[in-house]
Amino acid sequence: MKILVTDKIVDEGIAILRGKGYEVDTRYGMTPDELLAAVPAYDALIVRSATCVTAEVIEAAKNCKIIGRAGVTCDNIDVDAATAAGIPVCNVPTSNIVSAAEHTMALMLAAAREIPAASNSLHEGRWSRDEFMGHELFEKTLAIFGLGRIGGLVAERARAFGMRVIGYDPYCSVSRASQLGVALYDSMDEVLPVADFITVHVPRTEETHHMFSAEEFSKMKDGVVLVNTARGGIIDEAAMADFMAAGRVFACGVDMLEAEPAPETPLSEFDRAVLTPHLGANTEEAQARAGVNIARYVANGLEGLVVPTVINMVSSDLADAVANYIPACQMCGSVLAQLSGGIPKNLSIMAAGPCANDLQVLSASALGGVLSRQGQASVSSENVDASARRHGVKMDVSVSADSRGYDSIVSMEADGLEISATVPGSLHETHIVSILRYRLDVVPADYALVFLYPDEPGQIGRIGTILGEEGINISTMAIGKRTDCKEVLVFLNVESEASKDVVDRVAAAIDANRAWSIRL
Ligand SMILES: NC(=O)C1=CN([C@@H]2O[C@H](COP(=O)(O)OP(=O)(O)OC[C@H]3O[C@@H](n4cnc5c(N)ncnc54)[C@H](O)[C@@H]3O)[C@@H](O)[C@H]2O)C=CC1
Ligand SMILES: O=C(O)CCC(=O)C(=O)O
């Protein structure tokens, strides 16, 4: 079998694969067209962050059995397309986190003490001590945005410098934050005015794009130092440049530019902008871990053995009965998290019928769904317990003998909310068959609206009129009733996202008790 490696990994990783008899081609720096032309010939693909594995590449990769990412983040791989094509994607999620955390501290210190500019002055033959008056980290407040793997390591290191560490991460449990010695805040607005240093460790998602723009900068303390070793585009570089020019931001350390790999950034005009070209994971140690482990995992995948870090959970030996319920559980988990407005503290999963054959896969899928709103949640059968613990979710999984007349059914409850789904027939479509114990039957679309309101004549007309006025087309509708309630629940699939104002307008018109906009 043939393996294509398109970004540099350590020789040891290549040697492991060749030692197992695979033909390994290392073709670094290919253009997208070259990759498209080459990829059909290979059984596996190994990349780092530079190669874009688009849906087109995946479609062309007709023989590909596994894609390995020699690093943490798979945002350069179209994971949904890979899942649809039945190709597992795996990564090495802890390989480079220490290196990334250390690079964060390096940038923070370099920015606070103007080390690159001071060093350049000597290289230019100038001895100029007064020019470079820095700041200590000791007793300063560091705000960490994103308290996951890397954010947590940064917190530990910052505390060793005597910093007061505060954090914002709506998906982090209070207990994890307190274990890390971080005071957790509920909103960015509370954090921004009190931080002397800010560091960013969130994934790049729609939600985090330009999370720091002019409005956020205007709320920060004068003289703040910012560090971004997460992803380009989370900080609006043009806004930061404006605030640096105005002297409001003292300095910054940036490893990730929005236009990567293009080096152009408005920050480059400032001596106090310490810029590195995506070096967070560039250490001998991280690259050895990443290259060796990804080689082992890709070989496992090709040999039909368990790959511990598959993030899209496609497994050839999973019976169809279970595999069909992976998207069902992901969807239910995502809807539950949106109904409850965050990550629930307790998640109970009940499965009935043949789908209950692999509860570990179902619970990983459910938790993956719950966490999906925070970016790419890499929950697998192997790490589901640790992942649940880390996010403060207490999980309880059980089998029921009552499949309510369906072949298989999964039900989930979280913080008093409920959803059940089944996957009937051969279309592999997930049907929601109950929400909040209201029985209905609906195949959820990308955008949906859910209202709980008094059961009176004319209500559906009111909803339709307002959505029509707002140009939002309803594609399907299902109404659920309960004999023990005077309220009904309507689930509307809509063709575009309704703004909060529109949802509020509908809710007011029908006197709704609860209203939700769901995005899948
Ligand atoms: N510079 C480099 O070479 C490297 C960069 N990275 C980047 O570092 C970042 C963090 O990586 P990990 O710690 O491994 O990820 P992680 O998944 O362990 O942690 C991310 C954290 O961000 C939180 N989060 C998500 N959305 C948020 C929001 N809107 N506001 C606040 N918090 C939010 C999540 O709850 C989670 O705790 C990622 O962007 C990753 O791509 C990772 C490795 C190397
Ligand atoms: O050097 C690399 O492969 C990039 C590391 C990285 O950004 C990641 O693992 O998310």
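Computed from a predicted structure; not experimentally measured.

### A short note on the overall build of the chain
Check the secondary structure of the chain and you find 18 helices and 22 strands. A compact globule built from 520 residues should have a C-alpha radius of gyration of about 24 Å, and the chain, at 25 Å, falls within 12% of that. If you line up the chain on its principal axes, its C-alpha atoms span 85 × 60 × 40 Å. In the chain, which comprises 520 residues, the proportion classed as buried is 47%.

### Describing unusual backbone geometry
Leaving glycine aside, a negative phi is the common case for residues, and trans is the common case for peptide bonds. For the bond from glutamate 260 to proline 261, the omega torsion is 5°, close enough to zero to count as cis. Following the sequence through the fold, proline 261 ends up in the loop between β11 (249-254) and β12 (273-275). A positive phi angle, close to 70°, is found at arginine 437, a residue other than glycine. Judged by local crowding, arginine 437 falls into the partly exposed class, with 16 C-beta atoms found within 10 Å.

### A look at the site of ligand 1
The environment of ligand 1 is formed by 33 residues, the closest being Gly146, Gly148, Ile150, Tyr171 and Gly280. Mapped by element, the contributors of at least two residues to the shell around ligand 1 are α5 (97-112) and α7 (149-160). Of the residues forming the shell around ligand 1, the biggest block, 3 residues, is contributed by α7. Split by residue class, the shell around ligand 1 holds 15 nonpolar, 12 polar and 6 charged.

### With respect to the confidence of the model for the chain
Taken residue by residue, the chain gives an average pLDDT of 93. The fraction at 70 or more is 97%. Taken together, the chains of this predicted complex give a pTM of 0.71 and an interface ipTM of 0.99.

### Description of the nonpolar core
Among the nonpolar cores identified, the biggest contains 166 residues, and Leu45, Cys252, Cys332 and Val410 are the most heavily contacted of them. The element contributing the most residues to this core is helix α14 (residues 325-340), with 10 residues. If we ignore the near neighbours within four places in the chain, the residues touching valine 410 are Tyr325, Ala328, Cys329, Cys332, Ile349, Ala351, Cys355, Leu362, Ser420 and Ala421.

### A word on the pairing of strand β16 (residues 417-422)
Pairing of strand β15 (residues 409-414) with β16 involves 5 bridges; the strand directions are antiparallel. The residue bridging methionine 412 from the neighbouring strand is isoleucine 419, located in β16. Linking β15 to β16, which pair antiparallel, is a turn of 2 residues; within it aspartate 415 sits at a positive phi near 45°. For β16 and strand β17 (residues 431-435), the ladder comprises 4 bridges, and the chain directions are antiparallel.

### Regarding the packing of helix α1 (residues 11-19) against helix α12 (residues 284-302)
Two elements in contact, α1 and α12, have axes whose closest approach is 7 Å; the angle formed by their N-to-C orientations is 20°. Here α1 is positioned roughly parallel relative to α12, judged by the angle of their axes. In the crossing of α1 with α12, the sense of the turn from one axis to the other is right-handed. When α1 is examined against α12, the residues Glu12, Gly13, Ile16 and Leu17 are found in contact with a partner set consisting of Ala288, Gly291, Val292, Ile294, Ala295, Arg296 and Ala299. When the residues that make up the contact of α1 with α12 are grouped by side-chain class, the tally is 7 nonpolar, 2 polar and 2 charged.

### Quick notes on the sheet that holds β11
Pairing is parallel in the open sheet, where 7 strands are placed in the order β8-β7-β6-β9-β10-β11-β12. Two strands close off the open sheet at either side, each with one partner strand: β8 (183-185) and β12. With direction set aside, neighbouring strand axes in the sheet form an average angle of 15°. Sheet analysis places strand β6 (residues 141-145) next to strand β7 (residues 164-168), joined by 5 bridges and oriented parallel.

### With respect to the site of ligand 2
Around ligand 2, the neighbouring residues are Arg48, Ser49, Ala70, Gly71, Val72, Thr73, Asn96, Gly280 and Ala281. Of the residues in the shell around ligand 2, the class split is 3 nonpolar, 5 polar and 1 charged.

Quick notes on the rules
- Residues numbered from 1 in each chain as written.
- Chains lettered and ligands numbered in written order.
- Predicted model: local features only at pLDDT ≥ 70, side-chain atom pairs only at ≥ 80, totals over all residues.
- Helix = DSSP H or I, 4+ residues; strand = E, 2+ residues; numbered from the N terminus.
- Rg over C-alpha atoms; globule rule 2.2 N^0.38 Å.
- Buried ≥ 20, exposed ≤ 12 C-beta atoms within 10 Å, placed from the backbone.
- Near = placed C-beta within 6 Å.
- Nonpolar A, V, L, I, M, F, W, Y, C, P; charged D, E, K, R; others polar.
- pLDDT = per-residue confidence, 0-100.
- Core = buried A, V, L, I, M, F, W, Y, C linked by C-beta atoms within 7 Å.
- Contact = placed C-beta atoms within 7 Å.
- Pairing = 2+ DSSP bridges.
- Axes fitted to C-alpha atoms, helices over the stretch in contact; angles between N-to-C directions.
- Parallel < 35°, antiparallel > 145°, perpendicular 65-115°, else oblique.
- Left-handed = near helix turned anticlockwise from the far one by under 90°.

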